[in-house]
Amino acid sequence: MDLDFSTILFIATVFTGGVWYIDRTWGVPKRLEKAARIQESANSEPDDETIQLALKEPTFVEYCKSFFPVILAVFLLRSFLVEPFRIPSGSMMPTLLAGDFILVNKYAYGIRLPVINRKVIDVEDPKRGDVVVFRYPRDPSIDYIKRVVGLPGDHIRYQGKTVSINGKKIAQVPVGTYMGAGAGSSMMGANRRTEQLGDAEHDILVQPNLRSRNGEFFVPPGHYFVMGDNRDNSNDSRFWGTVPNQNLVGKAFLIWMNWDSVDHGINWSRIGDSIR
C-alpha cells in the first residue's frame, strides 16, 4: 500500500494519541498504586525521591504526549483547511513556475474525510477558470495542478491553439513575447496571450510552431476537463481524460514561497502572489 503524507500523519496521530490514552487509563493508575505500596511499606518517612521515581512516566510516553497535540494540529490543518504543495514542472506557466510553493484551500469544494477522501459536506463546485489540485486519475498517489476549462456536460474543442466551449470560441488577446528568467527561461520566446474562462482572466503560453494535441471532448457528469496554462507543454485532459469530482483536493490560492532551481535562490518577487 502506498502511504502518502496524510496517511503517515494519520497513523502518527493515532499512535501517539493511543499511547497517551493507554498510559492515562492504565499506566497512571499502576504508577499511583506502586507509589502507595512504597509509602505503606516504609518503616519511617518514605523517601520522596523514591516516590517520585515510581510516579515518573516512561520517556517514550512523555515524548508521545508532547508530540500528540502538535501532530494532531498539523493533521487537522492539512486535512480540512490548507495544505502546502510544491510545483514540480512548468505546465502552468506563466501562472505558476517550477519551484513555486503554493497553498491550497482544502474546503473550497467540500469537506472530505482524510485518508479515505470521502466527501461528507458539500460546499461548492469548481468554477470555470479555477486552478485546482487533484489526484491524477491514472495514479491517485500523484497530485496534479491544472486549470478547470470544462464543467460537467460541456463540449470542449481544442483546435489551432484555441479552446471552444459549447461551440463558443474563447477569445485570446496577444500580450507579447514571454520573457522568463530563472525557472521561467525554458519558455523564453513563447507567445503570451490573455484568456478569460468564467471570471478568471489569466495568461497562457503557446508556441505557434509546435504541434498541439487537438480534439473534441465531452465532459461527463461529475467530471471536469482541465488544462495547463502552458498549452503546448502540459499533460492534461487532452491526453488522459477528465477528472472525477472525488479526485479533487482543493483550490490553489496563494504562492507562499519560490525556490528557483535554476538560479538556486529565493525569488522574493513571487512570494505572496495570489493565484488566479
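Here the structure is a predicted model, which means the values were calculated and not measured.

Procedures and definitions
Numbers given to residues run from 1 along each chain, matching the order in which its sequence is written. Only residues with pLDDT of 70 or above have their local features reported here, since the model is predicted, and side-chain atom pairs are shown and tallied only from 80 upward, although totals for entire chains, interfaces and linings are computed over all residues. Excluding hydrogens and water, the side-chain values take into account all heavy atoms of the structure. Helix numbering and strand numbering both begin at the N terminus, where a helix is a DSSP run of H or I of at least 4 residues and a strand a DSSP run of E of at least 2. Here the term buried applies to any residue with accessible area under 20% of the maximum for its type, exposed to any over 50%, and partly exposed to those in between, with areas from a 1.4 Å probe on protein chains only. Pairs of residues are marked as contacts when any of their non-hydrogen atoms sit within 4.5 Å. Two strands pair if DSSP finds at least two bridges between them. Angles shown run from 0 to 180 degrees and are taken between the N-to-C directions of axes, each axis being a line fitted to C-alpha atoms and, for helices, limited to the stretch in contact. The length a helix should cover is 1.5 Å for every residue beyond the first. Note on aromatic contacts: the rings of Phe and Tyr and the six-membered ring of Trp form a pair at centre separations within 6.5 Å, being stacked when their planes are under 30 degrees apart, edge-to-face when over 60 apart, and tilted otherwise. Note on terminology: a nonpolar core comprises buried Ala, Val, Leu, Ile, Met, Phe, Trp, Tyr and Cys residues joined through side-chain atoms within 4.5 Å. Polar contacts here mean pairs of N or O atoms no more than 3.5 Å apart (in protein, one a potential hydrogen donor and the other a potential acceptor; neighbouring residues in sequence count only if both atoms are side-chain atoms). An angle counts as roughly parallel when it lies under 35 degrees, as roughly antiparallel when it exceeds 145, as roughly perpendicular when it falls between 65 and 115, and as oblique in every other case. Crossings are classed by handedness, with left-handed meaning an anticlockwise turn of the near helix from the far one by less than a right angle and right-handed meaning a clockwise turn. Gly is placed with the polar residues, together with every amino acid not listed as nonpolar (Ala, Val, Leu, Ile, Met, Phe, Trp, Tyr, Cys and Pro) or charged (Asp, Glu, Lys and Arg).

Colleague: In this structure, what is going on with the side chain of Thr242? I would like to understand it.
Modeller: Here Thr242 shows up in the loop between helix H4 (237-240) and strand S15 (243-244). Relative accessible area serves as the criterion here: at 17%, Thr242 is assigned to the buried category. Dropping the residues within four chain positions of it, Thr242 is found in contact with Pro137, Val219, Pro220, His223, Tyr224, Phe225 and Ser237.

Colleague: Help me out: how do you make sense of the sheet that holds strand S10 (residues 172-177) in this one?
Modeller: The pairing of strands in a sheet comes from backbone hydrogen bonds and takes either a parallel or an antiparallel form. Taken in spatial order, the 3 strands line up as S10-S11-S12 in an open sheet, and their pairing is antiparallel. Edge positions in the sheet fall to S10 and strand S12 (200-206), since each has one partner strand and no second. When strand polarity is set aside, the average angle formed by the axes of neighbouring strands in this sheet is 30°. With 7 bridges connecting them, strand S11 (residues 191-197) and S12 associate as antiparallel partners.

Colleague: What is the right way to read helix H3 (residues 59-80) from this model?
Modeller: At 3.6 residues per turn, the α-helix brings residues three or four places apart onto the same side. If you check H3, its first and last C-alpha atoms are 32 Å apart, about what 22 residues at 1.5 Å a residue would give, namely 32 Å. Val61, Cys64, Ile71, Phe75, Arg78 and Ser79 are the residues of H3 that are buried. Among the structural elements, helix H1 (5-41), strand S1 (82-86) and strand S3 (111-113) are those in contact with the buried residues of H3.

Colleague: I keep staring at the packing of aromatic side chains and nothing clicks. Help me out?
Modeller: Two aromatic rings, taken as a pair, are described by how far apart their centres are and by the angle between their planes. Considering all chains together, one arrives at 11 aromatic pairs under this definition. Consider the rings of Phe10 and Phe75, whose centres lie 5.8 Å apart with planes at 45°: the pair is tilted. Linking Phe10 in helix H1 with Phe75 in helix H3, this pair joins segments that are 65 residues apart in sequence. The class for Phe75 is buried, based on a relative accessible area of 7%. Ring geometry for Phe134 versus Trp240: centroids 6.0 Å apart, planes at 50°, classification tilted. Here Phe134 is found in strand S5 (residues 131-135), whereas its partner Trp240 is found in helix H4, with 106 residues between them in sequence.

Colleague: I tried to follow the nonpolar core on my own but got confused; where do I start?
Modeller: Soluble globular proteins tend to bury their nonpolar side chains together. Of all hydrophobic cores here, the largest spans 13 residues; its most connected members are Leu96, Ile102, Val131, Val133, Ile145, Ala252 and Ile275. Only strand S2 (100-105), S5 and strand S16 (248-260) provide two or more residues apiece to this core. The element best represented in this core is S16, accounting for 3 residues. Apart from the residues lying within four places of it in its own chain, the contact partners of Ile102 are Glu83, Pro84, Phe85, Ile87, Leu96, Val133, Ile145, Ala252, Leu254, Ile255, Trp256 and Ile275. Ranked by size, the runner-up nonpolar core spans 12 residues in total, among them Tyr136, Tyr224, Val226 and Leu248.

Colleague: Whenever I open this one, the pairing of strand S14 (residues 223-227) confuses me. Can you help?
Modeller: Most of S14 sits inside the fold, with 4 of its 5 residues counted as buried. Bridging between strand S6 (residues 143-150) and S14 involves 3 bridges; their strand directions are antiparallel. Bridge pairing links Gly150 to Phe225 in S14. Where S14 meets S15, 2 bridges bridge the pair, whose relative direction is antiparallel. By the bridge assignment for S15, Tyr224 is matched with Val243.

Colleague: Help me understand the pairing of S2 in this model?
Modeller: Put simply, side chains in a regular strand alternate between the two faces of the sheet. The buried count for S2 comes to 5 of 6 residues, which makes it a mostly enclosed element. Relative to S2, S1 is paired through 5 bridges, and the arrangement is antiparallel. Residue pairing in the sheet places Val82 in a bridge with Asn105 of S2. Pairing geometry for S2 and S16, over 6 bridges, is antiparallel. Within S16, the residue paired with Val104 across the bridge is Ala252.

Colleague: Help me understand the side chain of Lys161, please; the structure alone is not making it clear to me.
Modeller: Relative to the helices and strands, Lys161 is located in the loop between strand S7 (155-159) and strand S8 (162-165). Separated by 2.9 Å, the side chains of Lys161 and Asp232 make a polar contact. Among residues more than four places away in sequence, those in contact with Lys161 are Gln172, Arg193, Val206, Gln207, Pro208, Leu210, Arg211, Ser212 and Asp232.

Colleague: Sorry, what's going on with unusual backbone geometry here?
Modeller: Most of the time, phi is negative for any residue but glycine, and the peptide bond is trans. A cis amide bond links Met93 with the next residue in sequence, Pro94, at an omega value of 5°. Even without a glycine there, the phi angle at Asn166 is positive, about 55°. Structurally, Asn166 is set in the loop between S8 and strand S9 (168-169).

Colleague: How do you make sense of the packing of H1 against H3 when you look at a structure like this?
Modeller: For any two helices packed against each other, the geometry is given by the interaxial angle and the distance between the axes. As a packed pair, H1 and H3 sit with axes 8 Å apart at the nearest point and diverge in direction by 140°. Regarding the angle of H1 to H3, the classification is oblique. The handedness of the crossing between H1 and H3 comes out as left-handed. Taken together, the residues of H3 that come into contact with H1 (itself represented by Phe5, Ser6, Leu9, Phe10, Ala12, Thr13, Phe15, Thr16, Gly17, Val19, Trp20 and Asp23) are Phe60, Val61, Cys64, Lys65, Phe68, Ile71, Leu72, Val74, Phe75 and Arg78. Partitioning the contact of H1 with H3 into residue classes produces 15 nonpolar, 4 polar and 3 charged.

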